[in-house]
Amino acid sequence: MRLSILTFLLVLAALVSGACVSGSKTNDGSARKKKGPNDPIKIGFSMDTVKEERWQRDRDLVEKHAKEIGASVNVQVANGSDSEQIKQAENMLTQGVDVLIVAPHNGEIAASIVEAAHRQGVPVISYDRLIKNADVDLYISHQVVKMGEMQAQYLLDHVNKKPANFVIVGGSPTDNNALLLHQGQMNVLKPAVDRGDVKIVADEYAKEWQASAALNIVENALTRTNNQVDAVVASNDGTARGAVQALEGQHLAGKVLVSGQDGDLASLKLIVEGKQTMTIYKPIQPLAYGAVDAAAKLARGETVATTDTIDNAFKKVPAILLEPAAVDRNNLLTTIVKDGYHTIEEICAGLPPEKCPKP
Ligand code: GAL
């Protein structure tokens, strides 16, 4: 689906649902800083990582759109360290940011960032990953449970063995997204196990979403089952590439189905080669632009239209949850390429031309 249609649907859904979040008050009653309509807005963007390609895109698009709306943005990257992320956020608060956008490394520990921000009347947007047990003002992400369902369903629909041996490679257990993905994956796989169509031969989380952890999980599963693995539900593209590497070690790449998530260039190449089976495409522009627009509104005490809520164990957080899409070789051109997320030239560079999908 084109971005413009996605954006339109999002706005429409917000209007229909009539839900909203306002930046003028907090649940804990602390006073809110409020910028005037023409005051310049300072946004702090606290990121866990820019290791994966997608996060580099998030950073660039947040910076681009902030510039477009005349806001300034300070981006800090914690490189997987909770203490670093907290320190960086506190520094940004000291420097007087008007609003914080936080992509947390650890969804539980980041609650203290929300508390520190609220003590200074600064609203907090939880970005892509949910901050738990805290009075988060807004959550903006994609439909993560649905993504887990799409990964598992795709593999289930395309595996041609019964019962089929499945390996589940989760993401980082400190990232709420990894837990939501697993929930979605099991929504599909549990009934298949009960029907006798699927056997889960390994189900583990890859520390820090590391490809090397995924490689270990899949290698061990291959050893344990004497190479009898039919599908690997990898939770993102990084872990999918670790899985593919383990399969290559046993000359099984291309014979075992592998899911993914993010539309990373390196994984799209594997999809064209037939070594990774699918990815979940999450357009990042509506996420990044949506967060920046919402940040400006919250900083001014204006209302942000939301489409959903998500329970973070403290409250039902007003949420904007964007639509993901399953992408394989067959619809690569009409999704990721059509949107300009990656060009077909980039994807096919270095690959045999006959492998490249033709319009
Ligand atoms: C998730 C995110 C994914 C992926 C992963 C690793 O939270 O939703 O897109 O990048 O983290 O950073």
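Please read these numbers as outputs of a predicted model, since none were measured by experiment.

Across its 16 residues, helix 2 (residues 53-68) extends 23 Å between first and last C-alpha, which sits within 8% of the 22 Å expected from 1.5 Å per residue. For helix 2, the elements touching its buried residues are strand 2 (42-47), strand 3 (72-77), strand 4 (99-103), strand 5 (124-127) and helix 10 (285-299). Positive phi shows up at Gly70, right after helix 2, with a value of about 80°.

Here the focus is the packing of helix 7 (residues 211-225) against helix 8 (residues 237-249). Between helix 7 and helix 8, whose axes approach to 7 Å, the crossing angle comes to 40°. When the axes of helix 7 and helix 8 are compared, the pair comes out oblique. Crossing angle aside, the handedness with which helix 7 passes helix 8 is right-handed. Side by side, helix 7 and helix 8 meet where Ala211, Ala214, Leu215, Val218, Glu219 and Leu222 of the first sit next to Gly238, Thr239, Gly242, Ala243, Gln245, Ala246 and Leu247 of the second. Partitioned by chemical class, the residues of the contact of helix 7 with helix 8 number eight nonpolar, four polar and one charged.

Okay, the site of the ligand next. Around the ligand sit Glu52, Arg54, Trp55, Asp128, Arg129, Asp175, Asn177, Trp209, Asn236, Gln261, Asp262 and Lys282, and those are all the residues in its vicinity. Here an oxygen atom of the ligand and a side-chain polar atom of Asp175 are 2.5 Å apart. A total of 300 Å² of accessible area belongs to the ligand in isolation, and the protein chains cover 99% of it. The class makeup of the residues in the shell around the ligand is two nonpolar, three polar and seven charged. When residues of the shell around the ligand are assigned to domains, at least three fall in each of domain 1 (5-136 + 283-322) and domain 2 (144-281 + 329-355).

With that out of the way, let us pick up the pattern of salt bridges. Summed over all chains, the structure comprises 20 salt bridges. Between Glu68 and Lys64 there is a salt bridge, with its nearest N and O atoms 3.5 Å apart. Pair noted here: Glu68 and Lys64 are both in helix 2, with a separation of four residues, about one helical turn. Judged by its relative accessible area of 48%, Glu68 falls in the partly exposed class. A network of salt bridges, in which partner residues are shared, links Arg54, Asp58, Asp128, Asp262 and Lys282.

So, on to the state of the cysteines. A full pass over the atoms with the stated rule returns one disulfide. Put simply, Cys348 and Cys356 are joined by a disulfide, and their sulfur atoms are 1.8 Å apart. Judged by the torsion about the S-S bond (80°), the Cys348/Cys356 disulfide is right-handed. Of the residues examined, Cys348 reaches a relative accessible area of 11% and is grouped as buried.

A few words now on the side chain of Asn177. With respect to the helices, strands and loops of the structure, Asn177 is situated in helix 6 (residues 176-195). Judged by its relative accessible area of 5%, Asn177 is buried. With sequence-adjacent residues up to four places away left out, Asn177 is seen in contact with Asp128, Arg129, Tyr139 and Val144.

For an interface, size is often stated in terms of accessible area lost upon the parts coming together. Considered domain by domain, the protein is made up of domain 1 (5-136 + 283-322) and domain 2 (144-281 + 329-355). The distance between the C-alpha centroids of domain 1 and domain 2 comes to 30 Å. Residue-level contacts link 15 residues of domain 1 with 16 residues of domain 2. Across the domain 1/domain 2 interface, buried area totals approximately 1,300 Å², and carbon plus sulfur atoms make up 39% of it. Of all residues in domain 1, Glu53, Arg57 and Pro283 bury the most surface against domain 2, accounting for 32% of the area lost on that side. Applying the counting criterion to the domain 1 and domain 2 interface returns one salt bridge. In this structure, Arg129 and Asp175 form a salt bridge, with 2.8 Å as the shortest nitrogen-oxygen distance. Linking domain 1 with domain 2 are 10 residue pairs in polar contact (both at pLDDT 80 or more). Broken down by element, the side of domain 1 that touches domain 2 gets its largest block of residues, three residues, from helix 2. Here the side of domain 1 that touches domain 2 is built from residues that sort into four nonpolar, three polar and eight charged.

A separate point is the sheet that holds strand 2. Across the sheet, seven strands lie side by side as 3-2-4-5-6-14-13; this open sheet has mixed pairing. Across the chains shown, the open sheet's two edge strands, defined by having one partner strand only, are strand 3 and strand 13 (308-311). Direction aside, the axes of adjacent strands within the sheet are offset by 25° on average. The pairing of strand 5 with strand 6 (residues 138-142) spans three bridges and is parallel. Residue pairing across strands places Ser126 opposite Tyr139, the latter belonging to strand 6. Here helix 2 sits on the sheet and contacts strand 2, strand 3, strand 4 and strand 5; the angle it forms with strand 2, its principal contact strand, is near 180°.

Parameters at a glance
Residues numbered from 1 in each chain as written. Predicted model: local features only at pLDDT ≥ 70, side-chain atom pairs only at ≥ 80, totals over all residues. Heavy atoms only, no water. Helix = DSSP H or I, 4+ residues; strand = E, 2+ residues; numbered from the N terminus. Expected span 1.5 Å × (residues − 1). Contact = heavy atoms within 4.5 Å. Axes fitted to C-alpha atoms, helices over the stretch in contact; angles between N-to-C directions. Parallel < 35°, antiparallel > 145°, perpendicular 65-115°, else oblique. Left-handed = near helix turned anticlockwise from the far one by under 90°. Nonpolar A, V, L, I, M, F, W, Y, C, P; charged D, E, K, R; others polar. Near = heavy atom within 4 Å. Polar contact = N/O pair within 3.5 Å; in protein donor to acceptor, adjacent residues only side chain to side chain. Areas by Shrake-Rupley, 256 points an atom, 1.4 Å probe, with all protein chains shown as cover. Domains from an automatic or database assignment. Salt bridge = Lys/Arg side-chain N within 4 Å of Asp/Glu carboxyl O. Buried < 20%, exposed > 50% of the residue type's maximum accessible area, 1.4 Å probe, protein only. Disulfide = S-S within 2.5 Å. Buried area = accessible area lost by both parts, 1.4 Å probe. Pairing = 2+ DSSP bridges.

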